Amino acid sequence: MRIISNEPTIELGGLELDVMVKGDGYYREPLIAIKDQLDAMLSYHSKVFVFRFDIRIKGDSHYNEEGIEFDTFTDDNQIITNFLKVFNRWLKRRYNLLRVGYVWCREIEKAKKQHYHLVFMVDGNKINATTSLHNTIKPKIKELAKKQGLVEHIPPNPYMVDNADLKKDDYTLYKAAFYRASYLAKVSGKNIKGERANNFQPSRVKPRLNKYGDIFKAGDDYHKRLK
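The present account deals with the structure reproduced in this document. (Residues numbered from 1 in each chain as written. Predicted model: local features only at pLDDT ≥ 70, side-chain atom pairs only at ≥ 80, totals over all residues. Heavy atoms only, no water.)

### With respect to the overall build of the protein chain
In plain terms, the rule: The helix and strand labels rest on DSSP assignments: H or I over at least four residues marks a helix, E over at least two residues marks a strand, and numbering proceeds from the N terminus. Categorising residues by exposure relies on relative accessible area from a 1.4 Å probe, with only protein chains included: less than 20% of the type maximum marks a residue as buried, more than 50% marks it as exposed, and the intermediate range marks it as partly exposed. By the convention used here, residues are in contact when the closest approach between their heavy atoms is within 4.5 Å. In this description, accessible areas are obtained by the Shrake-Rupley approach with a 1.4 Å probe, and a residue is regarded as covered only by the protein chains that are shown.
Of regular secondary structure, the protein chain possesses six helices and twelve strands. Taken over 227 residues, the protein chain has a buried fraction of 48%. When contacts within the protein chain are restricted to residue pairs at least 6 apart in sequence, long-range pairs at least 24 apart make up 71% of them. Approximately 12100 Å² of the protein chain is accessible, and the part contributed by carbon and sulfur atoms is 47%.

Structure below.
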């Protein structure tokens, strides 16, 4: 993460996208990863369900010589690795998913515990946005967090990005989902890390290519693609 910006928009892949600008600005690289993974998921699925949640480490607070509260933090990301291993496996099994896209970032700030922000992108044809999130996914996140000694926070307002809208050049929900996910790119909180800890990591979903070698778009023939 090296390129920092305070601009309210960013142009990626010919699209001008709004960015949530906080404090010292945002890093460009996580935004590229978010868009890449969302586009990759849309190359396989006619609809992609996008939802966000946060998890943080439990633990006792400490105080430095100036009396400012701080918390110890790990020098690697094994915590999030363990969580994702179990959660991704459950998601795939529960909803019969072939792939799961995600991006996470690690943060720790004054008077806050080490925590992670996550954005997930899954096959929207297999998941009912409102019902699945509140009745099934949310309880599972809470269960896993409790088992692993973590605390979860699940913001409202997930998004269902539909290729049918994109085909009509309606990017309203696409841009809204990207804007919400762009919170992960903020600079604040990412200047403290362990020797072996990255500050962000995307999944590695490779996009499906059409017969011309380009990433499948909303106007491509999905029936041919899925054969």
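### Notes on the packing of aromatic side chains
Quick reminder of the rule: Only Phe, Tyr and Trp rings take part, Trp by its six-membered ring, and two of them pair if their centres are within 6.5 Å. Stacked means planes under 30 degrees apart, edge-to-face means over 60, and tilted covers everything else. Lysine NZ or arginine CZ positioned within 6 Å of the ring centre and within 35 degrees of the ring normal marks a charge as sitting over the ring.
Summed over the entire model, instances satisfying the criterion amount to 13 aromatic pairs. Measuring from centroid to centroid gives 5.5 Å for Y171 and Y174, while their planes differ by 75 degrees, and the two rings are edge-to-face. Residue classification places Y171 among the partly exposed positions, given a relative accessible area of 24%. Linked through ring pairs, F49, F51, F53, F83, F87, W90, Y95, Y102 and F120 together constitute an aromatic cluster. Over the ring of Y95 we find R94, and its NZ or CZ is 4.9 Å from the ring centre.

### What about the environment of N6?
We count it as follows: Pairing of N or O atoms within 3.5 Å defines a polar contact, subject to two protein rules: one partner must be a possible hydrogen donor and the other a possible acceptor, and residues neighboring in sequence count only if both atoms are side-chain atoms.
For N6, the position within the fold is in the loop between strand 1 (4-5) and strand 2 (9-12). Taking the C-alpha atoms as reference points, N6 and G23, 17 residues apart in sequence, are found 8.8 Å from one another. Apart from residues no more than four positions distant in its own chain, N6 is found in contact with V21, G23, D24, G25 and Y26. Only 3.3 Å separates the side chain of N6 from the backbone nitrogen of G25, close enough to count as a polar contact.

### Thoughts on helix 1 (residues 28-42)
In an α-helix there are 3.6 residues to a turn, and that puts residues three or four apart on one side. What counts here: Take the residue count of a helix, subtract one, and multiply by 1.5 Å to get its expected span.
Over its 15 residues, helix 1 extends 21 Å from the first C-alpha to the last, a length consistent with the 21 Å expected when each residue adds 1.5 Å. For helix 1, the buried fraction is high: eleven of the 15 residues fall into the buried class. Listed in full, the buried residues belonging to helix 1 are P30, L31, A33, I34, K35, Q37, L38, D39, A40, M41 and L42.

### Considering the nonpolar core
Quick reminder of the rule: Note on terminology: a nonpolar core comprises buried Ala, Val, Leu, Ile, Met, Phe, Trp, Tyr and Cys residues joined through side-chain atoms within 4.5 Å.
I10, L31, V50, M121, Y174 and F178 are the most contacted members of the largest nonpolar core, which totals 31 residues. For this core, the elements supplying multiple residues, two or more each, are strand 2, strand 3 (15-18), helix 1, strand 5 (47-57), strand 8 (101-107), strand 9 (115-123), strand 11 (159-162) and helix 5 (172-181). Of all hydrophobic cores here, the second largest spans 29 residues; its members include F51, V122, L144 and A145.

### Description of the pattern of salt bridges
Keep this limit in mind: Basic side-chain nitrogens of Lys or Arg form a salt bridge, by our definition, when they fall within 4 Å of a carboxyl oxygen of Asp or Glu.
This structure, assessed with the given rule, holds six salt bridges. Its salt-bridge partner being K35, residue D39 comes within 2.6 Å of it at the nearest N-O pair. Taken together, the residues D39 and K35, both in helix 1 and four residues apart, mark about one turn of the helix. We note a salt bridge from E107 to K186, for which the minimum N-O separation is 2.9 Å. Highlighted residues: E107 in strand 8 and K186 in the loop between helix 5 and strand 12 (200-202), separated in sequence by 79 residues. Take K186: its relative accessible area is 4%, and that puts it in the buried class.

### Details of the packing of helix 1 against helix 5
Which entries qualify depends on this criterion: Axis angles are defined between N-to-C directions and span 0 to 180 degrees, where every axis is a line fitted to C-alpha atoms and, for a helix, only to the segment in contact. Any angle from 65 to 115 degrees is called roughly perpendicular, while one under 35 is roughly parallel, one over 145 is roughly antiparallel, and all others are oblique. Crossing handedness follows the turn of the near helix against the far one: under a right angle anticlockwise gives a left-handed crossing, and clockwise gives a right-handed one. Residue polarity is assigned by list, with Asp, Glu, Lys and Arg as charged and Ala, Val, Leu, Ile, Met, Phe, Trp, Tyr, Cys and Pro as nonpolar; anything else, Gly included, falls into the polar class.
As a packed pair, helix 1 and helix 5 sit with axes 10 Å apart at the nearest point and diverge in direction by 140 degrees. Here helix 5 runs oblique to helix 1, going by the angle between their axes. As for the relative orientation of helix 1 and helix 5, their crossing is right-handed in sense. Contact with helix 1, carried on its side by L31, I34, K35, L38, D39 and L42, involves Y174, F178 and A181 of helix 5 and no other residues of that element. Split into classes, the residues belonging to the contact of helix 1 with helix 5 amount to seven nonpolar, no polar and two charged.

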